[in-house]
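Coordinate analysis (summary)
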Amino acid sequence: MMDWHIIVDSLPQYVDGLWLTVQLTVLSLLAGLVLAIPFAVARISANPLLAKPVWVFTYFFRGTPMLIQLLLIYYGLGQFEWIQQQWQDGSRFWLVFREPYGCALVTFALNTCAYTTEILAGALRATPHGEIEAAQACGMSRATMLRRILIPGALRRALPAYSNEAIFMLHGTAIASTITLVDLTGVARNVYSQHFAPFEAFLFAGFIYLLLTFGLVGLFRLAERRWLAHLQPRKAVKDAA
Amino acid sequence: MLHGYTGSLLDGAWLTFQVAVCSLALALALGLAGASAKLSKLRLLRAPAVAYTTVVRGIPDLVMMLLVFYGGQMLINAATDALEWDYVEVNPFTAGVATLGFIFGAYFTETFRGAFLAVPAGQLEAGAAYGMSRWQVFRRILFPQMLRHALPGLGNNWQVMQKSTALVSIIGLSDITWLADQAGRSTHQPFLFYAVVCAFYLAMTALSALVFNALERRYSVGVRRAAA
């Protein structure tokens, strides 16, 4: 039923698409995670001037579809004359928002940053009281305590929830194909419209996404074995019961 | 304020809401069926359910939607040709609801499965000891307690699902996203119209959070909370 020639002929395109999907996923996850650490610290701060703006940021990005965020940035920003002026003046920063690649990266990074901020903030709040008291008893300043105790512990605790976020992000990058980028989904849409072969085009892309998902799950399992080793279930002694 | 597009956007908002609610109903039905199959003693039922949840949760929703929309049309064409029936067109509403329901059915399956397992076996044994039939145990003991454990997960799934409804605009359904796109193009004010769509989704997700909080309170009656 499947026409394998179509897939074999378009294999080079699929490889290019895969590379773009991997780039978008990895770069946005990295940028999102790096930004999310200070944001999460601000989110749990007792100072409302720090906590509230971060809350507004995460509320907006978690409450609206990523597709709309992407369209808002890619098509929406051009509405403002001031930004068009910046484009004409050749402003390095604003030119990023004229290219679909830059818009996709910025949107995905901000979106995953919002989710990761909430995950990390939850993990920070879950820090055992004893650890904080011990750090204070040792005379650590707040900055030292954050660096040595709170953030490393929170990153570990956040790992299982973060693995879900990473998989959502991998799947989320598929919408890059709606702003003319030719990622894995974009290739599948091109192959479909060239050959009118929906099963070959989309099933093959789906299969690659499935492999990528399994790969990510495997990586996170390794990471959990490394950083959450103390939480692994102990090997039961058979004759103990 | 919206250059005469207010009515059209409201129509789109209503359509998006319909897509969300219809997909939710389908996903809940598939989720309950999937969870029952996964917890079944019969391998014949378990294996397809495991394949369903693994494959569906490993593929982006957009790819799945394009597959169902274009592939479904081709399958139906082949079927109607073979049976010499008239041409049947897959409309984007059916394709959108079918895909969203099918995808989120897999997530609901996992939520329901975990919730069924969270009900202590002693509760079910106590029901049996009172002489209740299996159906009575299910209706009076297993289902209400399962729902309490499932509600937080269902709420999360539903939040993700509402936001996925924006994807139906890609297969040509004139939902709020598609209409905002059109309005933005003809007025040259895309930012304004996408911002309105954002406000609509924020309102919908905030409202459903309220509903789910009320439901969670209702189904947690009698649960003691440890003082923090």
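From a predicted model like this one, the values you see are computed outputs, not experimental measurements. (Residues numbered from 1 in each chain as written. Chains lettered and ligands numbered in written order. Predicted model: local features only at pLDDT ≥ 70, side-chain atom pairs only at ≥ 80, totals over all residues.)

Examining the interface of chain B and chain A
Taken together, the contact between chain B and chain A spans 29 residues of the former and 29 residues of the latter. Of all the secondary structure elements, the ones that give two or more residues to the side of chain B that touches chain A are α3 (61-83), α7 (176-187) and α8 (190-219) of chain B. The dominant element in the side of chain B that touches chain A, judged by the number of residues it contributes, is α8(B), at nine residues. Residue composition of the side of chain B that touches chain A, grouped by class: 20 nonpolar, seven polar and two charged. (Contact = placed C-beta atoms within 7 Å. Helix = DSSP H or I, 4+ residues; strand = E, 2+ residues; numbered from the N terminus. Nonpolar A, V, L, I, M, F, W, Y, C, P; charged D, E, K, R; others polar.)

Here we look at the confidence of the model for chain A
For chain A, per-residue confidence averages 91 on the pLDDT scale, and residues scoring 70 or more make up 97% of the total. When mean pLDDT is taken per element in chain A, helix α2 (residues 11-43) of chain A scores highest with 96 and helix α6 (residues 92-95) of chain A scores lowest with 84. (pLDDT = per-residue confidence, 0-100.)

Observations concerning the confidence of the model for chain B
All names here are of chain B. Residue-level pLDDT values for chain B average 90, and 98% of them are 70 or greater. Confidence, read as mean pLDDT per element, is least for α3 in chain B (88) and greatest for helix α1 (residues 6-38) (94). Scored as a complex, the prediction yields pTM 0.90 and ipTM 0.88.

Quick look at helix α9 (residues 142-172) of chain A
Here α9(A) spans only 37 Å end to end across 31 residues, well under the 45 Å set by a 1.5 Å rise per residue. The largest bend in α9(A) is about 55°, located at A:L159, with the proline A:P160 one to four residues further on. For α9(A), the complete set of buried residues consists of A:L150, A:A154, A:R157, A:A158, A:Y162, A:E165, A:A166, A:M169, A:L170, A:H171 and A:G172. On its buried face, α9(A) is in contact with α2, α4 (66-76), α7 (100-125) and α11 (198-227) of chain A together with α3 of chain B. (Expected span 1.5 Å × (residues − 1). Bend = angle between axes of the 7 residues up to and from the residue. Buried ≥ 20, exposed ≤ 12 C-beta atoms within 10 Å, placed from the backbone.)

Some thoughts on unusual backbone geometry
Residues and elements named next belong to chain B. In this structure, E84 is a non-glycine residue whose phi angle is positive, near 55°. Assignment of secondary structure puts E84 in the loop between α3 and α4 (92-118). Residue E84 is classed as exposed on the basis of its 6 C-beta neighbours within 10 Å. The backbone phi angle of H188 is positive, close to 60°, even though this residue is not glycine. Exposure remark for H188: the 10 C-beta atoms within 10 Å place this residue in the exposed category.

A short note on the packing of helix α10 (residues 184-195) of chain A against α11(A)
All names here are of chain A. At their nearest, the axes of α10 and α11 sit 8 Å apart, and the two run at 165° to each other. Comparing the axis directions of α10 and α11 gives the class roughly antiparallel. Judged by the twist between their axes, the crossing of α10 over α11 is right-handed. When α10 is examined against α11, the residues L184, T185, V187, A188, V191 and Y192 are found in contact with a partner set consisting of P198, A201, F202, A205, I208 and Y209. (Axes fitted to C-alpha atoms, helices over the stretch in contact; angles between N-to-C directions. Parallel < 35°, antiparallel > 145°, perpendicular 65-115°, else oblique. Left-handed = near helix turned anticlockwise from the far one by under 90°.)

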